[in-house]
Amino acid sequence: MILDEIATARRAYYFLKSYKSLHTLAERKNEHGAFKDKAVELVTEIEAYKDNLDEVKREIFANSFTKKPKETKKLSNLFKELCIDKTDYERLKTEILLDFAKSYRDGALLVYE
């Protein structure tokens, strides 16, 4: 089986975009139950992954998925801050997505051709 990198990256991207909703659910004080427990588990797993990235990848990951909209940086500012160009950014972001897909639950997000 051959890994479909584009479909895998897309699946990981959409999964990680749900972080903000999961975080909101995990932070609710008076909520209890399976949904909250699962949200806490997923948020913890995503944050642990983020913490294991190097500084440049961590900033790209945080800016793309975990920061609040008012805290995110414009791409031009991010490029200057990290001393990268758009090509490097796209390559690093794809690497992050593929690596996350491979590491999440033993490859649960992987898509094969």
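For the structure itself, consult the block above.
Residues numbered from 1 in each chain as written. Predicted model: local features only at pLDDT ≥ 70, side-chain atom pairs only at ≥ 80, totals over all residues. Heavy atoms only, no water.

Student: Help me out: how do you make sense of the environment of Lys36 in this one?
Tutor: On the secondary structure map, Lys36 appears in helix α3 (residues 34-51). Put simply, Lys36 and Lys50 are 14 residues apart on the chain and 21 Å apart in space, counted from C-alpha to C-alpha. Not counting residues up to four positions away in its chain, the partners in contact with Lys36 are Leu25, Ala26, Arg28, Lys29 and Glu31. (Helix = DSSP H or I, 4+ residues; strand = E, 2+ residues; numbered from the N terminus. Contact = heavy atoms within 4.5 Å.)

Student: How should I be thinking about the environment of Tyr14 in this particular structure?
Tutor: With respect to the secondary-structure elements, Tyr14 resides in helix α1 (residues 5-17). Take Tyr14: its relative accessible area is 56%, and that puts it in the exposed class. For Tyr14 and Phe65, which are 51 residues apart along the polypeptide, the C-alpha to C-alpha distance reads 9.8 Å. (Buried < 20%, exposed > 50% of the residue type's maximum accessible area, 1.4 Å probe, protein only.)

Student: Can you walk me through the pattern of salt bridges in this structure?
Tutor: Counted according to the given criterion, the structure contains eight salt bridges. A salt bridge links Lys73 to Glu59, with the nearest nitrogen and oxygen atoms 3.1 Å apart. With Lys73 in the loop between α4 (55-66) and α5 (75-82) and Glu59 in helix α4, this pair connects stretches of sequence that are 14 residues apart. The exposure class assigned to Lys73 is partly exposed, which follows from its relative accessible area of 26%. The class for Glu59 is buried, based on a relative accessible area of 17%. Across the salt bridge formed by Arg91 and Asp88, the nearest N and O atoms sit 3.8 Å from each other. Note that Arg91 and Asp88 are positioned in helix α6 (residues 86-103) at a spacing of three residues, about one turn of the helix. Residue classification places Asp88 among the partly exposed residues on the basis of a relative accessible area of 28%. Several salt bridges share partner residues, and in doing so they unite Lys57, Asp88, Arg91 and Glu95 into one network. (Salt bridge = Lys/Arg side-chain N within 4 Å of Asp/Glu carboxyl O.)

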